[in-house]
Each structure stands twice: as C-alpha cells, then as structure tokens.
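Spelled out, the chains give:
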Amino acid sequence: MDKLLLCLLVVVTLPGAFSQGNTYRKAFVFPTESDTSYVTLFAPAQKPLKAFTVCLQAYTDLTRPYSLFSYATRTQYNEILLFKERPGLYSVSVGGSDAYIKAPETFFAPKHFCVTWESRTGITELWVDGKAMVRTSLKKGYTVGAGASIILGQEQDSFGGGFDKNQSLVGDVGEVNMWDYVLSPDEISTVYNGGVFSPNFLNWQDLKYEIRGEVFLKNQLWP
C-alpha cells in the first residue's frame, strides 16, 4: 500500500499532470527561454465576460518583449493579453484590440499588476505596484468569449499554441487571480498589499493548473 501511495504521489506531480490547491506562497518559475514551457490555468466556470480584473505578481530581468497573461478563445487568440513590449511600455489587449500604456520602469524587483476592463464604457486600466497608469478605452460593448485557453509563460498565436520563444517569460509569476467584475481602486490597493477579495474566476489559493515543459513551482521570492 505504501508503494502504491508513493507511485500516485509521483504521478500527480509530474509535468503535464493536473494539479490543484498547492500554490500558497509559491510561484511558477520559468528558468529558460523556450517555446515549449508553459502553464495552463483552468477556470471553474467558463462563461462570457462583460467585465474582468486580472491581478498577478511577476519577477524577471528581461528587457525584450514577453507575455504575462494570455487568454485565448477559438475565435480570438488575443481575447485578453497583458504583454510587456519594452522597458516602460506595456500593451493590454481585449478582443484583439490593443492599448499601449506607459509605466515607470524599475529593474531587478518583483512587480505587481492588475488589469481591469468593462464592456459598458470600454474603460481599461493597468495598475503597476498599486499605482494606476493613465486610463484608456478598448472594445466598448464587446463580450469576452467563453471556452478560453489561459496560459502563463507564453503568448498564444493559436488556441493553446503558436508559441514564440522570443515572447516567452523567463522568470517567476504567481498570485494570479481573476474576477468577473472590475475591482475598485481601494480593492486593488488591498490586493496589492496582500489581501484577496474572493476571486470568482481564477483563485490562486485553489488553482487548477497543468505544467508543460521546464516549469517549476517554488517558494515565492517576494513578501
């Protein structure tokens, strides 16, 4: 019986196996540039979205472009995308439309991000380390599609694939949470300072995920 239990434990921690609920104070580590290493996240309830907030923490010293959060549907590969274009410039995509947002640059330090969007006005916000960047507008009246492929570490140029190693993340990412509504500035400030408002779309504390390639779950390096 002990040998059987040991075998089962080995199986569920192998790369490519589904895991859930062991991410507290952990981060996914992408140690090398690759087009085969990524993490797929599974939302408990897949549904169309009229609004959302995505928050995450990342740590990298890359100066080239890379993807931070990629949410694709079969009809739109850049349904939701948070992407670092170059030092001091990020892009946020909703429904295939892009907004380019400037942000102060700091190197060799973890960064906390939140992105919000609402269909009613199209207002889109990027928050970096608890500070709001200048608002913009994307896809007013749009509905984000259901049945998504949600991936960390790569940008999807096809549903669940089409990766380019020159856009891959090399570094750490964690504390990925998503809500189907727009968090208020006070709520975002609380999340940045370590609080959580019961994420109802992706919950880092009870995350279901699948690792592919050379990705490791390690203790987070930020407070």
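All figures in this text were calculated on a predicted structure; none of them were measured in a lab.

Trainee: Hey, could you run me through the environment of Y66 in this one?
Mentor: Looking at where Y66 falls in the secondary structure, it is placed in strand β5 (residues 66–72). The class for Y66 is buried, based on a relative accessible area of 4%. Along the backbone, Y66 and K84 are 18 residues apart, and their C-alpha atoms lie at a distance of 5.4 Å. Residues in contact with Y66, not counting those within four places in the same chain, are T60, F83, K84, Q167, S168 and L169.

Trainee: Could you clarify how one ought to interpret the UniProt feature "domain: Pentraxin (PTX)" (unreviewed entry) in the protein chain in this entry?
Mentor: When the UniProt feature table is mapped onto this chain, "domain: Pentraxin (PTX)" (unreviewed entry) is found at residues 24–223. Annotation note: span residues 24–223, helix share 4%, strand share 42%, distance between end C-alpha atoms 12 Å.

Trainee: Can you walk me through the state of the cysteines in this structure?
Mentor: Such a bond, covalent and formed between the sulfur atoms of two cysteines, is termed a disulfide. Under the criterion given, the structure shown has one disulfide. Two residues, C55 and C114, share a disulfide whose sulfurs are 2.0 Å apart. Every disulfide takes its handedness from the sign of the S-S torsion; for C55 and C114 that torsion is 110°, giving right-handed. Taken as a pair, C55 in strand β4 (residues 51–59) and C114 in strand β9 (residues 111–118) lie far apart in primary sequence, 59 residues in all.

Criteria and cut-off values
- Residues numbered from 1 in each chain as written.
- Predicted model: local features only at pLDDT ≥ 70, side-chain atom pairs only at ≥ 80, totals over all residues.
- Heavy atoms only, no water.
- Helix = DSSP H or I, 4+ residues; strand = E, 2+ residues; numbered from the N terminus.
- Buried < 20%, exposed > 50% of the residue type's maximum accessible area, 1.4 Å probe, protein only.
- Contact = heavy atoms within 4.5 Å.
- UniProt positions renumbered as here; feature names shortened; annotations may be inferred.
- Disulfide = S-S within 2.5 Å.

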